[in-house]
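One letter stands for each residue in the lines below.
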Amino acid sequence: MTQQAHVFDGVPGPLLEALRSLARTAQLTVALDFDGVLAPLVDRPNDARSDPRSLQAISDLVLLSGTTVALVSGRSLESLRAVSGSPDGVLLIGSHGAEYDLGEGRAGIALTAEEKRALTELERAITSVASRHPESRVESKPAGIALHTRGMDPDAASATQRDASHTVGASVLGVTQRAGKDVVEFSVVTATKGEAMQRLRLHTTATAMLYAGDDVTDEDAFAALEPGDVSVKVGAGATAALHRLHGTAEVAQMLRVLASDRRNHLLGA
Ligand SMILES: O=P(O)(O)OC[C@H]1O[C@H](O[C@H]2O[C@H](CO)[C@@H](O)[C@H](O)[C@H]2O)[C@H](O)[C@@H](O)[C@@H]1O
């Protein structure tokens, strides 16, 4: 059999086999990053939208018994809700694991007085950086701030990110920095997608989980997976994930296959 024959519309054979096995678990939790996984990357974060084929597969999955779908994003919950178009029943985790909507009402971030002070100083620092690099764009979050450099000249983007790192480091205490795709982010709370996955596993009593992500911060989620779980890196780059897909179209295909395998398993087919 040729290499091509092992691939089903961009989903490699070993991943198809892992999905078939995953679909037979008692309590399945499917956790998905948003930008670069459900939605193709675009210049302006507010313009990002989920691939409709992925949304259809998610809608199919959430209707199945013993099956939970969650989005685990670096975006604020508000932003994730606004752009993802996720169907009712999908759990939402935002701000890299600092904000939760697990179907019991939104759990907002309750910042301490010290964190509020740090956030104000952080906003002041990033506003000054953005004024020195007018092509950069600021995205505010409940516990932090992101400075986007997508579309900028590479040298100008690097200079912007260095300036941000230096300015924040010199003027604000108690801040965590994260690098992403054409973005540098700062937060006054420490939260990771790994912690989010652990909480999700407990909340959903998952017997197996799938996580798909495309960015550096998703490595925390991959590291929190256990034997029997399925990890999928989307796109290029070093990863601890065991499987890889090319892009959002292949993610949609993977979700379609998983929904079909899961339905067949539940029907006893
Ligand atoms: O964890 P994610 O859901 O992948 O969120 C990570 C960051 O995604 C967004 O930024 C990225 O997507 C933008 C829209 O495609 C793109 O313009 C930007 O260059 C990417 O870095 C989002 O704006 C951030 O807040 C998220 O942390």
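The name an unreviewed UniProt entry assigns to the protein chain is Trehalose 6-phosphate phosphatase, from the organism Paramicrobacterium chengjingii. Quoted verbatim from the Catalytic activity (unreviewed entry) heading of the UniProt record, the comment on the protein chain is "alpha,alpha-trehalose 6-phosphate + H2O = alpha,alpha-trehalose + phosphate". For the protein chain, the Pathway (unreviewed entry) comment in UniProt is given as "Glycan biosynthesis; trehalose biosynthesis."

Details of the overall build of the protein chain
When you go through the protein chain residue by residue, the secondary structure sums to eight helices and 14 strands. Computed over its C-alpha atoms, the radius of gyration of the protein chain comes to 19 Å, within 12% of the 18 Å expected for a compact globule of 269 residues. Based on the C-alpha atoms only, the size of the protein chain along its principal axes is roughly 60 × 45 × 30 Å. Taken across its 269 residues, the protein chain has 52% of its residues classed as buried. The long-range fraction of contacts in the protein chain, counting pairs at least 24 apart against all pairs at least 6 apart in sequence, stands at 61%. Summing over all exposed atoms, the protein chain offers an accessible surface of approximately 12500 Å²; the carbon and sulfur share of this is 51%.

Thoughts on the sheet that holds strand β10 (residues 176-180)
Within a beta sheet, neighbouring strands are joined by backbone hydrogen bonds and run either parallel or antiparallel to one another. Pairing is antiparallel in the open sheet, where four strands are placed in the order β8-β9-β11-β10. The open sheet has two edge strands, β8 (137-141) and β10, and neither has a second partner. Averaged over neighbouring strand pairs, the angle between their axes works out to 20° when direction is ignored. Pairing of β10 with strand β11 (residues 183-187), which is carried by five bridges, proceeds in the antiparallel orientation. What sits directly across from Gln177, in β11, is Phe186. Where helix α4 (residues 113-132) meets the sheet, it contacts β8, β9 (144-148) and β11, and its direction lies at approximately 15° from that of β9. Packed onto the sheet, helix α5 (residues 154-171) meets β9, β10 and β11 and runs at close to 15° relative to β11.

Overview of the nonpolar core
In terms of nonpolar packing, the biggest core is built from 40 residues, with Val30, Leu32, Leu210, Met254, Leu255 and Leu258 touching the most fellow members. Top element by residues in this core is helix α8 (residues 248-266). It accounts for six residues.

Calculation notes
Residues numbered from 1 in each chain as written. Predicted model: local features only at pLDDT ≥ 70, side-chain atom pairs only at ≥ 80, totals over all residues. Heavy atoms only, no water. UniProt positions renumbered as here; feature names shortened; annotations may be inferred. Helix = DSSP H or I, 4+ residues; strand = E, 2+ residues; numbered from the N terminus. Rg over C-alpha atoms; globule rule 2.2 N^0.38 Å. Buried < 20%, exposed > 50% of the residue type's maximum accessible area, 1.4 Å probe, protein only. Contact = heavy atoms within 4.5 Å. Areas by Shrake-Rupley, 256 points an atom, 1.4 Å probe, with all protein chains shown as cover. Pairing = 2+ DSSP bridges. Axes fitted to C-alpha atoms, helices over the stretch in contact; angles between N-to-C directions. Core = buried A, V, L, I, M, F, W, Y, C linked by side-chain atoms within 4.5 Å.

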